Amino acid sequence: MSEKNMEEKVEQATNSKNVSLPMSRVRLIMKSSPDVSCINQDALFLTTKATELFVKHLALSSYKNGSGKETNTLSYSDLANAAEETETFQFLTDILPKKILARDYLKSLEEMKKDDDNL
């Protein structure tokens, strides 16, 4: 699938009045907030649609800048790179951290401990 075809499909989905995400799940997530007591159907639809569009935007941006264009795939590392490198998605860096090996993490912890001891 070419990049142009993918963008056309995203555009068609954007203009659609249907949603792909289950609205009952979005309602459940919204109700988990103590500040929310009642959810209007219009607000639920708009929140669901906005979430869907955001996920599509994140996926398309990650795909365009990712390593899976040749194989037509999107990987976790593509999403993590987009979160780290794109200013719009930087708030996701805690949710989508880059994967590191355990030995590299332990090594960085030791270095941090040595730095703290030197202070």
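Calculation criteria
Residues numbered from 1 in each chain as written. Predicted model: local features only at pLDDT ≥ 70, side-chain atom pairs only at ≥ 80, totals over all residues. Heavy atoms only, no water. UniProt positions renumbered as here; feature names shortened; annotations may be inferred. Patch = residues over 30% accessible without salt bridge, like charges linked within 9 Å, V, L, I, M, F, W, Y side chains within 5 Å. Areas by Shrake-Rupley, 256 points an atom, 1.4 Å probe, with all protein chains shown as cover. Salt bridge = Lys/Arg side-chain N within 4 Å of Asp/Glu carboxyl O. Helix = DSSP H or I, 4+ residues; strand = E, 2+ residues; numbered from the N terminus. Buried < 20%, exposed > 50% of the residue type's maximum accessible area, 1.4 Å probe, protein only. Core = buried A, V, L, I, M, F, W, Y, C linked by side-chain atoms within 4.5 Å. Contact = heavy atoms within 4.5 Å.

Going by an unreviewed UniProt entry, the chain carries the name Chromatin accessibility complex protein 1 and comes from Carassius auratus. The chain has a UniProt comment under Subcellular location (unreviewed entry) that states "Nucleus". Among the UniProt annotations of the chain, the heading Function (unreviewed entry) holds the following wording: "Forms a complex with DNA polymerase epsilon subunit POLE3 and binds naked DNA, which is then incorporated into chromatin, aided by the nucleosome remodeling activity of ISWI/SNF2H and ACF1. Does not enhance nucleosome sliding activity of the ACF-5 ISWI chromatin remodeling complex."

1. Here's the deal with a nonpolar patch on the surface
On the surface, Ile100, Tyr105, Leu106, Leu109 and Met112 cluster together into a nonpolar patch covering about 500 Å² of accessible area. Secondary-structure assignment places Leu109 in helix H5 (residues 102–118). In this structure Leu109 comes out as partly exposed when scored by relative accessible area, which is 34%.

2. Section: the nonpolar core
Grouped together as the largest cluster of nonpolar side chains are five residues: Leu58, Ala83, Phe89, Leu92 and Leu96. When neighbours within four sequence positions are excluded, Ala83 is seen to be in contact with Phe89, Gln90, Leu92, Thr93 and Leu96.

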